[in-house]
Every structure is written in structure tokens, then in C-alpha cells.
Amino acid sequence: MKYNIFVGGIHIESSTFTPYRSGEKDFHITKNDELLKRYPWIDKYKDRINLIPIMHARALPGGIVKRSFYDKYLKDFIQQLDLALNQNKLDGFFLDIHGAMSIEGTLDAEGDFIRVLRDKIGFGVPICASMDLHGNISQTLFDLSTVLTCYRTAPHIDTAQTRERTLTNLLAVLDGRKRGKKITKAMVSIPILLPGEKTSTQVEPGKSLYAQIPRLLQKENILDTSIWMGFPWADQPHSRATVCVYGFNKDDTIACVKELADKFWDYKNDFSFVGPVASLKEGLQNALESKEKPYFLSDTDDNPGAGGDNDTVLVLREILNLGAEKLKKIALVSIKDEQTIKELKSKQIGDYVDVKLGGKINRALGGPVSATMQIINRYSDTIAGDILVLKKDKLSLVVTSNRYQFATEASFQNAGLGSYQDYDIIIVKMGYLEPDLSSAAKAWTMLLTPGSVNQDLKSLKFRNLARPLYPFDDDFTPCLDVYAREA
Ligand SMILES: [Zn+2]
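Conventions and cut-offs
Residues numbered from 1 in each chain as written. Predicted model: local features only at pLDDT ≥ 70, side-chain atom pairs only at ≥ 80, totals over all residues. Heavy atoms only, no water. Donors = N, O, S within 2.8 Å, 3.2 Å for Na, K, Ca; no water. Tetrahedral: all angles 85-135°; square planar, octahedral: opposite > 155°, others 65-115°. Buried < 20%, exposed > 50% of the residue type's maximum accessible area, 1.4 Å probe, protein only. Core = buried A, V, L, I, M, F, W, Y, C linked by side-chain atoms within 4.5 Å. Helix = DSSP H or I, 4+ residues; strand = E, 2+ residues; numbered from the N terminus. Domains from an automatic or database assignment. Contact = heavy atoms within 4.5 Å. Axes fitted to C-alpha atoms, helices over the stretch in contact; angles between N-to-C directions. Parallel < 35°, antiparallel > 145°, perpendicular 65-115°, else oblique. Left-handed = near helix turned anticlockwise from the far one by under 90°. Nonpolar A, V, L, I, M, F, W, Y, C, P; charged D, E, K, R; others polar. Buried area = accessible area lost by both parts, 1.4 Å probe. Salt bridge = Lys/Arg side-chain N within 4 Å of Asp/Glu carboxyl O. Polar contact = N/O pair within 3.5 Å; in protein donor to acceptor, adjacent residues only side chain to side chain. 1 Å grid on protein atoms, 1.4 Å probe; cavity = no way out; pocket = protein on both sides within 12 Å on 5 of 7 lines; lining within 4 Å. Points joined across faces, edges and corners; volume = space filled by probe spheres on them.

**A short note on the coordination of the zinc ion**
Then step 1. Within the protein, the zinc ion binds to Asp132 (OD), Asp132 (OD), His134 (ND1) and His156 (NE2); these donor distances fall in the range 2.1 to 2.4 Å.
Then step 2. Considering all 4 donor atoms around the zinc ion, the spread of angles at the metal, 55 to 141°, places the coordination shape in the irregular class.
Then step 3. Between consecutive donors of the zinc ion, the numbers of intervening residues give the motif D-x1-H-x21-H. No difference in accessibility class separates Asp132 from His134, as the two residues are buried.

**Concerning the nonpolar core**
Nonpolar side chains in soluble globular proteins generally cluster together in the buried interior.
Then step 1. In terms of nonpolar packing, the biggest core is built from 117 residues, with Phe77, Phe93, Ile190, Phe264 and Phe296 touching the most fellow members.
Then step 2. Per element, the largest residue contribution to this core is 8 residues, and it comes from helix 2 (residues 67-87).
Then step 3. For this core, the two domains that each supply at least three residues are domain 1 (3-272 + 480-486) and domain 2 (277-454).
Then step 4. Beyond its immediate chain neighbours, meaning those up to four positions away, Ile190 contacts Arg240, Ala241, Thr242, Val243, Ala261, Phe264, Trp265 and Leu480.

**A few points about the packing of helix 9 (residues 280-289) against helix 10 (residues 314-322)**
Then step 1. Their axes nearest at 11 Å, the elements helix 9 and helix 10 cross at an angle of 55°. When the axes of helix 9 and helix 10 are compared, the pair comes out oblique. Crossing hand, helix 9 versus helix 10: right-handed. Residue-level inspection shows Leu280, Lys281, Leu284 and Leu288 of helix 9 in contact with helix 10, the latter providing Leu314, Val315, Glu318, Ile319 and Leu322.
Then step 2. Split into classes, the residues belonging to the contact of helix 9 with helix 10 amount to 7 nonpolar, no polar and 2 charged.

**Focus: the domain arrangement of the protein chain**
Then step 1. Domains assigned within the protein chain are domain 1 (3-272 + 480-486) and domain 2 (277-454).
Then step 2. For domain 1 and domain 2, the distance between their C-alpha centroids amounts to 33 Å.
Then step 3. In this complex, domain 1 contributes 20 residues to the contact, which on the side of domain 2 involves 23 residues.
Then step 4. Of the roughly 1,600 Å² buried at the junction of domain 1 and domain 2 (both faces included), carbon and sulfur atoms supply 60%.
Then step 5. At the boundary of domain 1 and domain 2, one finds 1 salt bridge.
Then step 6. Across the pair Glu338 and Lys25 runs a salt bridge, and its minimum N-O distance is 2.7 Å.
Then step 7. At the boundary of domain 1 with domain 2, the tally comes to 7 residue pairs in polar contact (both at pLDDT 80 or more).
Then step 8. For the side of domain 1 that touches domain 2, a count of residues per class yields 10 nonpolar, 6 polar and 4 charged.

**Some points on the environment of Asn402**
Then step 1. Note on placement: Asn402 falls in the loop between strand 18 (395-400) and helix 12 (409-414).
Then step 2. Overall, Asn402 belongs to the buried group, its relative accessible area being 17%.
Then step 3. In sequence terms Asn402 and Ile387 are 15 residues apart; their C-alpha atoms lie 8.8 Å from each other.
Then step 4. Contacts of Asn402, omitting those with residues within four sequence positions, involve Asn310, Lys336, Ile383, Ala384 and Gly385.

**Overview of the pattern of salt bridges**
Then step 1. For the structure on display, the rule yields 22 salt bridges.
Then step 2. The shortest N-O distance in the salt bridge between Asp143 and Arg485 comes to 3.1 Å. In this pair, Asp143 sits in helix 4 (residues 139-144) while Arg485 sits in strand 21 (residues 483-486), placing the two residues 342 residues apart along the sequence.
Then step 3. Where Lys360 meets Asp337, a salt bridge forms, and the shortest distance between an N and an O atom there is 2.6 Å. Here Asp337 lies in the loop between strand 14 (330-336) and helix 11 (338-343) and Lys360 lies in the loop between strand 15 (352-357) and strand 16 (369-381), a separation of 23 residues in the sequence.
Then step 4. Lys360 gets classed as partly exposed once you look at its relative accessible area, which sits at 23%.
Then step 5. Using a relative accessible area of 2% as the deciding quantity, one classes Asp337 as buried.
Then step 6. Three or more residues joined by partner-sharing salt bridges are found here, namely Lys25, Glu338 and Lys342.

**Examining empty space enclosed by the protein**
Then step 1. In total, this model carries 1 cavity of 30 Å³ or more according to the counting rule given.
Then step 2. Of the pockets and cavities examined, the largest cavity occupies roughly 30 Å³.
Then step 3. Around the largest cavity, the lining residues are Asp311, Thr312, Val313, Leu314, Gly359, Asn362, Leu365 and Gly367.
Then step 4. Within the lining of the largest cavity, the residues separate by chemical class into 3 nonpolar, 4 polar and 1 charged.

In C-alpha cells:
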């Protein structure tokens, strides 16, 4: 007989350091067949399961989620769940989350979500979750879930495989129960909290750390092994790295998680920026003097992919101050500025316009920058919203009405900017480069600018972190105790 698996959740990474609040227009909500498109491998399992879509909300990383939006979403989610429960016996729940969500009024968003889900479906039904490795694992999330798993790559190129593994974990749990086998779940909370720009799995020590996973999975009785690097721009007690191992033998599972935790702690001092870093002035100067092109500059601390404001104009101001004669051909993608786009609605392509760009979300960073620019393109996109491409001298600049990240060359070309090769310097609102960009970059520097996802974690005002925690504290003996239970 086929298992009935319900699927749904909510997926966002929230910086608690941006004044921006994520709400209805930031989320794309899916139900029915549209939700099932997230799982392109589903046909492989059609003889074994019925995958029943409940509801899913997905947003680009942003700020804390507005309580009003969340409460409404949760109500709709429960309503959809009730409908499905009335029509189907539930065998297992596939929870599709990011793991670094924040909501107004709670310090444990995913913990609260799974508690509501458990209240509804009871404790007997397994819940397996797929997550981003930049998620933070609270005690509640670990306790109320059956198996948690996360990406094994950063940049994330295994999202589809991770979601598929969530389903195979669920099948293994359900099949195991039929044979009277329980699983042991084991977790070690690692007192380390680092930005993704220091923990890519493509360079050491992240590479060697994540290489432990396939090695441990070779062992008999081990079902899954995951490493969360955690998300540092969430001021919460459970923000930190975590390792989890799940298996059908208690001793083996505990031994594996302990080994992994010890290894992680041993690597602590080896994590460093995955690429060259510089101050804004120094980095821009290096790029202008370089013979390599395209030279990518990451405006790291305004990275919307980590919850940055996406509208700071420190880099833009510096470029405009330099003056046309000192510039090379530059593209800056992109700045969110809904107000400017609305104000320029009646203007035509080719018009010269006076603009006050960006700087509206986080006023502490100097406010908007004024310039006269020419409109060279205008279009719309389902995620980015209304888009304007502006030009001044050798600088091309993209402005979007919604938060957006130009993470592929296709999106760059779609803006009418041509190819990466056409530019000397490309400035992106990103930290480490996504694959399209890193393969095109002939040179690259991460600019350490102040912002809501500041790489200098010690400069941010945290109030809720559990201490001691590296790098805020050093020279302490870590508690790497294993927390294990049966499920
Ligand atoms: Zn991530």
C-alpha cells in the first residue's frame, strides 16, 4: 500500500539586523500542482507514495517576518491541512523549511511552526524536514522532528537532492517502523557561529568537514548525517552550528555524531574568508587598476541573499564621487528602490532623470544618493517586480521594486546589460559568488562595507546568543555533549 505523505512549510532566511520587515509581497505562496513542481523527482516514487501538497511559502532572504503575515499564513496552512486530513490518512509529513526564519514576537520561529504542526497531527506521525545548511537548530525543532537534513554544498547546488533525501529518509523511517525498528536521533550543538563567507564547502576547512558525511554514511545502520553551519545574523539563543546523525543503532549513531562534532571543533581556527577581502575604497581602487576583466566586487554586507537591506548606496556613492574620468565600464546590480520606480513611472526610455537612490531602509548608513541618470531599459519580472536600468557615464545601474539578487548571467542579460565579458567591473549584492559569477570572474574581491549582514560579527549588537560562543569568546572548553533520543 502506498504511503500518504503531506508536504509543505515556510522558507526564508531572516536577518534580525535589518530594519526591513518581510511580508506578503516578499513571499511566493504555492499550493496544489504548483507546489509539487518543487519536487521534480517525484515520478520516481509514484508507486510508493502519494505526495499530497498542503501549502508552501518561499521568500528571498530578508528581515524579520511580520506577525500579521505569518499569522494569516499559518491559519491558511492549517485550513489546507484540515482539508487534506479529512480526505486522507496521513502517514508522514515532509516539512520544507529553510531554518533561519525569524518572526516578530518569538525567538524560535521554526520551533513554533513545528509545535503547531505537531498539535494538529499528533506525535505518532514522522516529520522529516529539508533545510538549508545555514539554518539554526533549536531544541524544539530537533525534539519535535523525526529526521532533519540539510544541503551539503555552499554555494548550494544540491537543493533538489536534499529534498529528495528528505523523502527517502521518511520512507526509511516508515519502512523501519513496519519492521519494529526505531531510529536514534543524535545532535551536538557546536559553539561556533560564522558567516557563510568563511564556510564554503568548496574550500578548506569546509571541504574536508563536509567530506566526512559520505564517509560516515558508508557505516552500517547510519541513515543520514548533516552539518549546519548556522546563520549568524539572527540574534537568537540557538544561532550556532549543529551536527546531527540519524541511525538504526543507538551506539553507532552516537559514536558518529561525536566524531563529527570533535572534528568540527578541531577545524575552528582554520575558517577564514573564502576569497580576498578589502575595504570599500581599497577594493574599488584595486578593481580600477586591475588589467583583469570582468573584475567582480561583492557588496558583501548588503547581500540580500543573506538578508541584507539590498538598498545601501555606499558603493554607488563612492563611484559617483570618483568622477567619470577615473571610471572603467561598470555594472552595479542591483538596488531595491520601489519609491524611485514609482516616481519615474511616466518617464520614457532615453529620458534623463534626477534620482535620489536607495538608502531608504537603513537610514543609519547615510541615506539616498542623488544623481542625474539616463533611463536605458525598463521591464518587469515576477520576482524582482518593476525594473529600471539607469546609466551615467560608464556606469550602468539596475533598480528593482522588490528585493532581488542578480545571481545568474541570464538575469543579467535579461536586464539588457549584455554579457559579463562586456564589463571591466561588475558589482553585485552578494557575499561569496554564485556559480555563474565565479566561473566568469577573472578577479574578485569581497568589500567589507558596513550593513545589516556585517561580516564583522563582533561589531553587531547581539543580546540573545548563548555564550560562550566562538568567535565572540575564545579560549574556552566547549561542551560537545551528545543529545540523543529514539523516534
Ligand atoms: Zn544557505
